[in-house]
Amino acid sequence: MAKRRATITAVGHYAPSKILSNADLEKMVDTNDEWIRTRTGISERHILENGATSDLGVGAIQAMLAHRKIEPTEIDIIIVATVTPDMFFPSTACIIQDKIGAKNAWGFDLSGACSGFLFALHTGAQFVENGTASKVLIVGADKMSSITDYSDRNTCILFGDAGGAVLLELSEDPEYGILDNRLYCDGAGGPFLNMKGGGSLNPPTHETVDKRMHYIYQDGKPVFKAAVKGMADVSAEIMERNKLTGDDVSWLVPHQANLRIIDATADRMGIDRSKVMINIDRYGNTTAATIPLCLSEWWLSGKLKRGQNIVLASFGAGYTWGATLVRWSLENPKP
Ligand code: UT7
């Protein structure tokens, strides 16, 4: 019997209109445009002024539904990858379910930080492939500005807000779709990138607020080293497992945390820069949204084509990291 294969049948993204540029940040902390661009590749980020992560997700879903005309009532499951849920509970998946009127769906949030989208994609594909769901909505959305300390120059230059969404369905042709996944985590990396306050370990108090524990903490250097190794190793691993060379891969779709990490991964895979999706310059690091945001932009532009092999790769807090091999099945949007 041929393998049942999940595939991406629709994609959409949303970024709020307000821009926070490097020049704006120069007025807020001791930094400069040249340092930010050369050390990270970022020029500007989008910031959600009013609203929450669910609104970023809903914006992405609406963009997706503009191309794929299905009713929200047809969706079976909603999985939201995020580290900035609207609230601890109810889940952002429930909030999105209500906002879009997906009356027949159940769903949940998934916490995989910058690898959250890949973790959610692999999870959602299981339901499609085992036949228990036919339409699974995967959302990667983060309002990173809600946990960014705009007095800390080490982190505030890095992050932005956005949402991305994809629909998973059964592939008509098992040669297309999500072909392979390699996902990892290593909790020993936790101390280097985290948000200490607000959970059961450090419930919110005046002290946790005074100590700025409700913001992102990052020790950049060890995270950078681990990210270069983790993202490059797992991307090379997924190519070896599937006997692919750089020539066989049409696009690397990397998590957008730092252009230097992306470059190192592309080099290790033997992939030319012209085959790497990069939009970190315009969005910064939007955590769970980076990969679907790239997929949506490149698909809309017509550059991501049916039949292309693409490698999605990520590294983030946890540590979490992974790579997913996809043979893209979605035809280009109608002009
Ligand atoms: O998505 C989740 C995973 N996260 C990542 O993958 C991020 C990984 N880490 C990084 O991308 C990089 O470590 C950063 C971009 C965060 C920092 O770059 P770096 O090259 O590792 O810089 P650094 O932290 O070693 O700092 C170098 C210098 C320091 O000054 P001294 O000590 O050499 O005098 C910093 O104080 O740059 C200084 N610096 C800045 N200068 C201007 C740090 N931040 C800034 C800033 N503007 N914003």
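Residues numbered from 1 in each chain as written. Predicted model: local features only at pLDDT ≥ 70, side-chain atom pairs only at ≥ 80, totals over all residues. Heavy atoms only, no water.

Colleague: Requested: an account of the sheet that holds strand E6 (residues 136-143), with residues and values cited.
Modeller: Two strands in a sheet stick together by hydrogen bonds in their backbones, pointing the same way (parallel) or opposite ways (antiparallel). Overall, mixed pairing links the five strands, which are arranged E1-E7-E6-E4-E5 in an open sheet. The open sheet is flanked by strand E1 (6-14) and strand E5 (106-110), the only strands paired with a single partner. The sheet shows a mean angle of 20 degrees between the axes of neighbouring strands, taken without regard to direction. When strand E4 (residues 77-81) meets E5, the two strands line up parallel, connected through five bridges. (Pairing = 2+ DSSP bridges. Helix = DSSP H or I, 4+ residues; strand = E, 2+ residues; numbered from the N terminus. Axes fitted to C-alpha atoms, helices over the stretch in contact; angles between N-to-C directions.)

Colleague: Provide a residue-level description of the packing of aromatic side chains, including the pertinent values.
Modeller: Per the stated rule, a full pass over the model turns up seven aromatic pairs. Centre to centre, the rings of Phe 192 and Tyr 319 are 6.3 Å apart; their planes meet at 20 degrees, and the pair counts as stacked. Pair noted here: Phe 192 is in the loop between strand E8 (177-185) and strand E9 (193-194) and Tyr 319 is in the loop between strand E12 (309-316) and strand E13 (320-327), with a separation of 127 residues, a long-range link. Residue class for Phe 192 comes out partly exposed when judged on its relative accessible area of 30%. Given the relative accessible area of 8%, Tyr 319 is considered buried. Clustering of aromatic rings is evident, with ring pairs tying together Tyr 184, Phe 192, Phe 315, Tyr 319 and Trp 321. The cationic tip of Lys 196 hangs over the ring face of Tyr 217; the distance from NZ or CZ to the ring centre is 3.9 Å. (Phe/Tyr/Trp six-rings, centres within 6.5 Å; stacked < 30°, edge-to-face > 60°. Buried < 20%, exposed > 50% of the residue type's maximum accessible area, 1.4 Å probe, protein only. Lys NZ or Arg CZ within 6 Å of the ring centre and 35° of its normal.)

Colleague: Kindly report on unusual backbone geometry, identifying the contributing residues and their values.
Modeller: With an omega of 0 degrees, the peptide bond between Phe 89 and Pro 90 qualifies as cis. Relative to the assigned elements, Pro 90 resides in the loop between E4 and helix H4 (92-100). Here the residue pair Gly 318 and Tyr 319 is connected by a cis peptide bond, since its omega of -5 degrees sits within 30 degrees of zero. The backbone of Ala 113 shows a phi angle near 50 degrees, a positive value even though the residue is not glycine. With respect to the helices and strands, Ala 113 occurs in the loop between E5 and helix H5 (116-129).

Colleague: Please provide a residue-by-residue account of the site of the ligand, values included.
Modeller: Around the ligand sit 23 residues, and of these Thr 31, Arg 39, Lys 221, Asn 258 and Asn 285 come closest. Residue Arg 153 places a side-chain N or O atom 2.8 Å away from an oxygen atom belonging to the ligand. Contact between the ligand and His 255: an oxygen atom at 3.0 Å from a side-chain N or O atom of the residue. Contact with the protein chains covers 75% of the free accessible surface of the ligand, which is 960 Å². Secondary-structure elements contributing two or more residues to the shell around the ligand are helix H2 (33-40), helix H6 (153-156), helix H8 (220-241) and helix H9 (259-269). Broken down by element, the shell around the ligand gets its largest block of residues, five residues, from H8. Among the residues forming the shell around the ligand, the class breakdown is nine nonpolar, nine polar and five charged. In terms of domain composition, the shell around the ligand takes at least three residues from each of domain 1 (6-170) and domain 2 (177-327). (Near = heavy atom within 4 Å. Polar contact = N/O pair within 3.5 Å; in protein donor to acceptor, adjacent residues only side chain to side chain. Areas by Shrake-Rupley, 256 points an atom, 1.4 Å probe, with all protein chains shown as cover. Nonpolar A, V, L, I, M, F, W, Y, C, P; charged D, E, K, R; others polar. Domains from an automatic or database assignment.)

Colleague: With reference to specific residues and values, describe the domain arrangement of the protein chain.
Modeller: Accessible area lost when the parts come together is the quantity often used to give the size of an interface. Taken as a whole, the protein chain is organised into domain 1 (6-170) and domain 2 (177-327). When each unit is reduced to the centre of its C-alpha atoms, the spacing between domain 1 and domain 2 is 14 Å. Taken together, the contacts link 50 residues of domain 1 with 46 residues of domain 2. Summed over both partners, the interface of domain 1 with domain 2 buries about 3900 Å², with 66% contributed by carbon and sulfur atoms. Three residues stand out in domain 1 for area buried against domain 2, namely His 13, Cys 114 and Leu 118, and they jointly supply 17% of the buried area on that side. For the pair domain 1 and domain 2, the number of links is one salt bridge. The salt bridge partner of Arg 212 is Asp 149, with a shortest N-O separation of 2.8 Å. Where domain 1 meets domain 2, there are 19 residue pairs in polar contact (both at pLDDT 80 or more). Those elements giving two or more residues to the side of domain 1 that touches domain 2 turn out to be E1, H2, strand E3 (44-47), H5, E6 and strand E7 (161-170). If one sorts the elements of the side of domain 1 that touches domain 2 by residue count, H5 sits on top with seven residues. (Contact = heavy atoms within 4.5 Å. Buried area = accessible area lost by both parts, 1.4 Å probe. Salt bridge = Lys/Arg side-chain N within 4 Å of Asp/Glu carboxyl O.)

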